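Summary of the model geometry
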Amino acid sequence: MYMVRKLFYSIFLLGLLNNSTYAETCSILMIYDDKIQTIIDNNSFEFKGYDRVCRQLKQANAGINITTGSAINERQTTAVAVIRLQDTKLPIPGGNTRSSMWSSPLRTTKNQDALIWSAINEATSAINQSDIDGLNENRKKLGFKTYP
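As the structure is a prediction and not an experimental result, all values here were calculated from the model. (Residues numbered from 1 in each chain as written. Predicted model: local features only at pLDDT ≥ 70, side-chain atom pairs only at ≥ 80, totals over all residues. Heavy atoms only, no water.)

**A few points about the overall build of the protein**
Secondary structure summary: the protein contains five helices and four strands in total. Along the protein, helices and strands appear, N-terminal first, in the series α-β-α-α-β-β-β-α-α. Out of the 148 residues in the protein, the part that is buried amounts to 32%. Sequence-distant contacts in the protein: of pairs separated by 6 or more residues, those separated by 24 or more amount to 64%. Only carbon and sulfur atoms are counted for the fraction: they give 56% of the accessible area of the protein, which is about 9,700 Å². (Helix = DSSP H or I, 4+ residues; strand = E, 2+ residues; numbered from the N terminus. Buried < 20%, exposed > 50% of the residue type's maximum accessible area, 1.4 Å probe, protein only. Contact = heavy atoms within 4.5 Å. Areas by Shrake-Rupley, 256 points an atom, 1.4 Å probe, with all protein chains shown as cover.)

Following this line, the structure appears as structure tokens:
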């Protein structure tokens, strides 16, 4: 009986540890069009300051709205990402945008996707309190709650 209790207690503690680790993991809510669905599905954010940006967005009840554009021409591949904050529950956009443009002489669709993802990462990493303030200004104008 002692062994069963000890085993149960160990499993319980392990479950608590796993749940606390999971609870500390932060995810960024993303809004985007079908065009970049595959790119997002196949990648994870890779930028310095991810935890800071994620915490700020979570505290501000905000996600990011991603718009991208890209082209392959005879000389290069170019990709642009524009990030705008958006309320997570209401269709209220932020007032500021963050953008990034990447290019490369390698002209392939695989490289195009990589450049789009790099541009998204760079633009998202630049999010700061002024972006949250811009979202809060729009919330306030519409009579909704603002967040820190």
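**Observations concerning the packing of aromatic side chains**
Tallied over the full model, the rule gives four aromatic pairs. Aromatic side chains Phe-45 and Tyr-50 sit 6.0 Å apart centroid to centroid with 40 degrees between the ring planes, which places their arrangement in the tilted category. The class for Phe-45 is buried, based on a relative accessible area of 17%. Look at Phe-47 and Tyr-50: their rings are 5.6 Å apart centre to centre, the planes differ by 55 degrees, and that puts the pair in the tilted class. Chaining the aromatic ring pairs together yields one cluster made of Phe-45, Phe-47, Tyr-50 and Trp-117. (Phe/Tyr/Trp six-rings, centres within 6.5 Å; stacked < 30°, edge-to-face > 60°.)

**Structural notes on the nonpolar core**
Of all hydrophobic cores here, the largest spans 28 residues; its most connected members are Ile-28, Leu-57, Ile-64, Leu-85 and Ile-120. Of all the elements in the fold, those that place two or more residues in this core are α2 (37-41), α3 (50-59), β2 (62-72), β3 (77-87), α4 (109-125) and α5 (129-141). The greatest single-element share of this core, amounting to six residues, is contributed by α4. When near neighbours in sequence (up to four residues on either side) are disregarded, Ile-120 contacts Ile-36, Phe-45, Ile-66, Thr-68, Ala-81 and Ile-83. (Core = buried A, V, L, I, M, F, W, Y, C linked by side-chain atoms within 4.5 Å.)

**A closer look at the environment of Ile-132**
Considering the arrangement of structural elements, one finds Ile-132 in helix α5. C-alpha of Ile-132 to C-alpha of Leu-85: the two residues are 47 residues apart in sequence and 7.3 Å apart in space. Filtering out sequence-adjacent residues up to four positions away, Ile-132 remains in contact with Gln-56, Ala-60, Leu-85, Tyr-147 and Pro-148.

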